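As a plain string of letters, each chain reads:
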Amino acid sequence: MLDFELKIRSRDITTLLAVLKTANPDVDMTVIRKAYDFAVAAHEGQVRLSGEPYITHPMEVAIILAGLKLDTITIAAGLLHDVVEDTGATLDIIKSKFGQEITQLVDGVTKISSIKNRTKATAQAATLRKMLIATVKDVRVIIIKLADKLHNMRTIIFHPPEDQVRVAKETMDIYAPLARRLGMSNISAELEDLAFHILNPDEYNEIKYSIAQRNTELEEYLDNVRKTISARLNELNITGTIVGRAKHYYSIFKKIKEQKKTFQEIYDLRGIRIITKEIKDCYGILGVVHTLWSPIVTRFKDYIAVPKSNMYQSLHTTVIGPEGHWLEVQIRTEKMHATAEMGIAAHWLYKEDPTAVKRDYKNLTFLKDITEWQADLKDTREFMKSLRMDLYENEIFVFTPKGKIIKLPLGATPVDFAYAIHTEIGNSCVGAMVDNALVPLKTQLVSGDIVEILTSKKGHPSEAWLKFVMSPSTRYKIRTWLRKQDKDRAGPEESSKQKDEKTVKVSIPKDERIKLKSFSKQKGIGITIDGATDVLIRLSQCCQPIPGDDVVGFVTRGRGITVHKRNCPSLKRLSREKERFINILWEGAENIFYPVKLAVEAIDRSNLLKDITNELSHAKTNIIKAEAHVENSDAAIFRFILEVRGNDHLKEITHRLKNIRSVTRVYKLNEKVILK
């Protein structure tokens, strides 16, 4: 656990070299000494708020990196990480003395200094964005930044209180979750506890005191558990190191809040970790634990077979241990343990495959997502919003029909799944089945679901999808498609025409029949009033008029003109306001699609859904939404929102559906029927 009484230690190059000698003797000490001497000269005369010479900070950063067993380039860059930002040294000078690779790392962690007319928060976000882009090219950039942040948080007590709170919030919101997404749980846990101590000092001290009070009791309990397991493993000649698993303060605080429990009710204070040599022994040890104590089935997780996206692997199980207490057990190999503790940084420990590090960090979902969506988000606030979503997402594991595992963020939908398979699958998605049942596209998936995506050549993304998809990568791909369609539809002349139309003042004749033409001002409706281009036109959802219907316009207060069918029941209550009705005609709307809600009732049978979607595809209509359920064991009811060109198109669709075997009824739904 942490000791927040800072002890200012006089540590110099000899301390760093001693750590390197133990942690990574392969490091080039000559390069490290050269970087240290350069940093000392560059920072000469600079002092930290603690009163220490400034060089102590890059020194401590380098020591943290050395403890992670990182390479020569990373540690040298750690020593030099502030020289461009805080001294007269330039990147060109760094490059001439230390080469391109070290220079790129230093540049990656250097703040953007030439930011004018920006708030501090905006400037920090811009710098973070720059750093993450550099991280995509070389993950060592973010490792250096996390070491830098860790030492700054260890010495934060020398800052004014308001700065302490600001930095602690940034650490808790961004850097601790960032470390966790990279698998660096040790750094993440310490950053959280350091920030927790600043932001919630009373709760921090209460938990610290409670743990101290129970420490002896917990140690005796876990010692008994260790002896029991060790004896059984020795009998079976299985090698395993058994250690207690200390829970850091902030994780306990989160559980107390999330589960609304007291400290005494938090069961996973009792936890052990068993580290072994071979993967096969992990499963052997799991069997031993389960024969000693009864497992809680719902709390078993196999992250060896299905690793987390940050490369974490381990077996997790919870058993009813001695005295009836819940006992959490984690089982992993030595290599898995190093990855669990240090994340991507651990891969410098295993040099048998020189390409492993680059391959592994490029496979991190988090970094892949940044590569896709960061360039798309020009607005800094949108960038930070997407980043936070990506940092805080928990994971679910779902399956394709062929058994392939797909990792998705918690709350992900079939649309997220479709885009995770392939961009074109997402772009042509028209429906989804989960465990062989048709579900709405906004359905939240859960681990273990088997998901099948229904596609159509006529299918395409909808702007409505942006309201429920969870992955920033999915959101980026949908926006990309929508932008391309807008660009394809609007040539230079159309754009100019739209711009001119916005300045037109409207005078609407009351007795003239108004013609409705292609509508450029509002997407999806496809109509304007001839000679009145600055009028907002919308189709009523209560009767869903489409070309071919006998329609009338109603002038609303502040909402333009609403188009209804003449026989729409909603118009009866408006009949007294005759002066607000306008006679209108459809014209030139053949190539515009309109949303229509349609129901299909049938006797349930195999391949029924497939036959329905095939006919809809042949009718060249797009399924915007779909839902289905079965009543009384054999009555299947489907509800769709389809895109149709007009009445003739709708009649064709209805005719096709009615001719499907076992379909008993096809009819249009009104506004009150809501598809989820």
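Calculation rules
- Residue indices follow the written sequence of each chain, beginning from 1 at its first position.
- With pLDDT at 70 or above as the cut-off, local features in this predicted model cover only qualifying residues; side-chain atom pairs require 80 or more to be listed or tallied, and sums for whole chains, interfaces and linings still use all residues.
- Think of the side-chain values as coming from all heavy atoms in the structure, minus any hydrogens and water.
- Only DSSP runs of H or I with at least four residues qualify as helices, and only runs of E with at least two residues qualify as strands; both kinds are numbered from the N terminus onward.
- Contacts: residue pairs with any heavy atoms within 4.5 Å of one another.
- Calculation of accessible area relied on Shrake-Rupley with a 1.4 Å probe; when residues are assessed, cover is drawn exclusively from the protein chains displayed.
- What makes two strands pair is DSSP finding at least two bridges between them.
- Axes here mean lines fitted to C-alpha atoms, for a helix over just the part in contact, with angles spanning 0 to 180 degrees between N-to-C directions.
- When a carboxyl oxygen of Asp or Glu is within 4 Å of a side-chain nitrogen of Lys or Arg, the pair counts as a salt bridge.
- Under the scheme applied here, a residue whose accessible area is under 20% of the maximum for its type counts as buried, over 50% as exposed, and between as partly exposed, the area being computed with a 1.4 Å probe on protein chains only.
- Polar contact is the term for a pair of N or O atoms within 3.5 Å; when the atoms are in protein, one must be able to donate a hydrogen and the other to accept it, and sequence-neighboring residues count only if both atoms are side-chain atoms.

Chemist: I keep staring at the overall build of the protein chain and nothing clicks. Help me out?
Modeler: When helices and strands are tallied, the protein chain shows 24 helices and 21 strands. In the protein chain, the proportion of contacts linking residues at least 24 apart, taken out of those at least 6 apart, comes to 66%. For the protein chain, the accessible surface area stands at approximately 33,900 Å², while carbon and sulfur atoms represent 50% of it.

Chemist: Whenever I open this one, the sheet that holds strand 9 (residues 429-434) confuses me. Can you help?
Modeler: Backbone hydrogen bonds hold the strands of a sheet together, and the pairing may be parallel or antiparallel. The 3 strands are arranged 10-9-11 in an open sheet whose pairing can be described as antiparallel. Of all the strands in the sheet, just strand 10 (437-439) and strand 11 (451-455) have a single pairing partner and so form its edges. On average, adjacent strands in this sheet sit at an angle of 35 degrees to one another, irrespective of strand direction.

Chemist: What should I look at first to understand the pattern of salt bridges in this one?
Modeler: Once the charged atoms of two side chains with opposite charge are near each other, the side chains can pair. According to the stated counting rule, one finds 22 salt bridges in the structure shown. Between R166 and D163 there is a salt bridge whose closest N-O contact spans 3.9 Å. Pair noted here: R166 and D163 are both in helix 10 (residues 161-181), with a separation of 3 residues, about one helical turn. Assessed through its relative accessible area of 31%, R166 is described here as partly exposed. For D163, a relative accessible area of 25% gives the class partly exposed. With its nearest N and O atoms 3.9 Å apart, the salt bridge here joins R273 to E341. On the criterion of sequence distance, the pair formed by R273 in strand 2 (residues 271-276) and E341 in helix 15 (residues 334-342) is long-range, its members being 68 residues apart. Here R273 matches E341 in class, with each residue buried. Here the salt bridges do not stand alone but share partners, grouping D71, E101, D138 and R140 into one network.

Chemist: Is there a simple way to think about the environment of T135 in this case?
Modeler: Note that T135 resides in helix 8 (residues 120-137). Along the chain, T135 and G108 lie 27 residues apart, while their C-alpha atoms are 7.4 Å from each other.

Chemist: What exactly am I supposed to notice about the side chain of T155 here?
Modeler: Mapped onto the fold, T155 is located in the loop between helix 9 (140-154) and helix 10. A polar contact is formed between the side chain of T155 and the side chain of R48, at a distance of 3.3 Å.

Chemist: What exactly am I supposed to notice about the sheet that holds strand 20 (residues 635-644) here?
Modeler: If you walk across this open sheet you meet the 4 strands as 19-20-18-21, and the pairing is antiparallel. Of all strands in the sheet, those bounded by a partner on one side alone are strand 19 (622-631) and strand 21 (663-668). This sheet shows a mean twist of 15 degrees between the axes of neighbouring strands, independent of strand direction. Strand direction decides the pairing type here: strand 19 and strand 20, joined by 9 bridges, are antiparallel.

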